[in-house]
Amino acid sequence: MKRLLFYYALKKYAFICMALLFSVIPVQGRDFNGEKGVYAEMGAGFDNTGVAGTFGYISPKVGFKLNRLLSFGVTSRFDFGKSYESGSYNSYGGFVELSTGSFHGLSGFVDVMATHNRHCNNRGVFGCDDFTEIGLTPGIRYSLPWYGLSLSVRYAFIGFSDNWELLSKHDRAGFYSDGKLLVDGRFRRLEFAVRYTFGL
């Protein structure tokens, strides 16, 4: 009888502890996503704009969130799944992220970024083209209610580029350029990302 009472009390205690734990986690998660903190983010997408067909890329980012509306950091992009003949495309740079207020965990944002890009072509004679892009990339983010996690989607680019080869191609769907200004809504500009914020 004593053993049964002991197990019953232990079960009740464990249930209360679990209930308290899961009631605290969402509060902490929302605080981490909303307040000051360091974050790490991993983005990924696909690129089907080249002659090599569709391949993938990853885009790791590290940043610091000053408040609910402003953060800054560094970003990069690396291709994978391409053949040697198709070459490579990599970039790195910095960004400032401007966010809107959150509504039920959902918020909009704009990344103001400057990146240095390198595209290497291995077809025929090996060669690399370096160019710079400065502009805006909009997106939406959903903050999950636990552990400082959030999911985001970025799409399109509006800004300036000195990639003369890219700017000379006016006939691509979802793409506009007047020789300096670039509006790029192609598939390669779509990115899905997961972010983890370390609250301070």
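Right above here is the structure, for reference.
Residues numbered from 1 in each chain as written. Predicted model: local features only at pLDDT ≥ 70, side-chain atom pairs only at ≥ 80, totals over all residues. Heavy atoms only, no water.

**Description of the pattern of salt bridges**
1) Next: Applying the stated criterion across every chain, the model contains 14 salt bridges.
2) Next: Here Arg-186 ties to Asp-184 by a salt bridge, and the two come within 2.8 Å at their closest N and O atoms.
3) Next: Salt-bridge contacts for Asp-184 lead to Arg-189; the nearest nitrogen and oxygen are separated by 3.0 Å.
4) Next: What you see here is one network of salt bridges that share partners, running through Glu-41, Lys-61, Glu-97, Asp-111, Arg-141, Arg-154, Glu-191 and Arg-195. (Salt bridge = Lys/Arg side-chain N within 4 Å of Asp/Glu carboxyl O.)

**As for empty space enclosed by the protein**
1) Next: Under the definition given, this model contains one cavity of 30 Å³ or more.
2) Next: If you go around the largest cavity, you meet 19 residues; those closest to its centre are Ser-59, Arg-77, Met-113, Arg-189 and Glu-191.
3) Next: Looking at the lining of the largest cavity, the elements with two or more residues in it are β2 (55–65), β3 (70–80), β4 (88–99), β5 (106–121) and β6 (127–143).
4) Next: Of the residues in the lining of the largest cavity, the class split is five nonpolar, seven polar and seven charged. (1 Å grid on protein atoms, 1.4 Å probe; cavity = no way out; pocket = protein on both sides within 12 Å on 5 of 7 lines; lining within 4 Å. Points joined across faces, edges and corners; volume = space filled by probe spheres on them. Helix = DSSP H or I, 4+ residues; strand = E, 2+ residues; numbered from the N terminus. Nonpolar A, V, L, I, M, F, W, Y, C, P; charged D, E, K, R; others polar.)

**With respect to the environment of Leu-190**
1) Next: Summarising the element assignment, Leu-190 is placed in the loop between β10 (181–184) and β11 (191–199).
2) Next: As for Leu-190 and Val-153, which are separated by 37 residues in sequence, their C-alpha atoms are 7.3 Å apart.
3) Next: Contact partners of Leu-190, with chain neighbours within four places excluded, come to Ala-44, Gly-45, Tyr-57, Val-153, Arg-154 and Tyr-155. (Contact = heavy atoms within 4.5 Å.)

**Comments concerning unusual backbone geometry**
1) Next: The phi torsion at His-104 lies on the positive side, around 55°, for a residue other than glycine.
2) Next: With respect to the helices and strands, His-104 occurs in the loop between β4 and β5.

**With respect to the packing of aromatic side chains**
1) Next: Taken as a whole and judged by the stated rule, the model has two aromatic pairs.
2) Next: With a centroid separation of 6.1 Å and 55° between ring planes, the pair formed by Phe-64 and Phe-72 is classed as tilted.
3) Next: On the basis of relative accessibility, which here comes to 41%, the residue Phe-72 falls in the partly exposed class.
4) Next: Geometry around Tyr-57 places Arg-77 over its ring, the cationic atom sitting 3.8 Å from the centre.
5) Next: Here the basic side chain of Arg-195 rests over the ring of Tyr-39, its NZ or CZ set 3.6 Å away from the ring centre. (Phe/Tyr/Trp six-rings, centres within 6.5 Å; stacked < 30°, edge-to-face > 60°. Buried < 20%, exposed > 50% of the residue type's maximum accessible area, 1.4 Å probe, protein only. Lys NZ or Arg CZ within 6 Å of the ring centre and 35° of its normal.)

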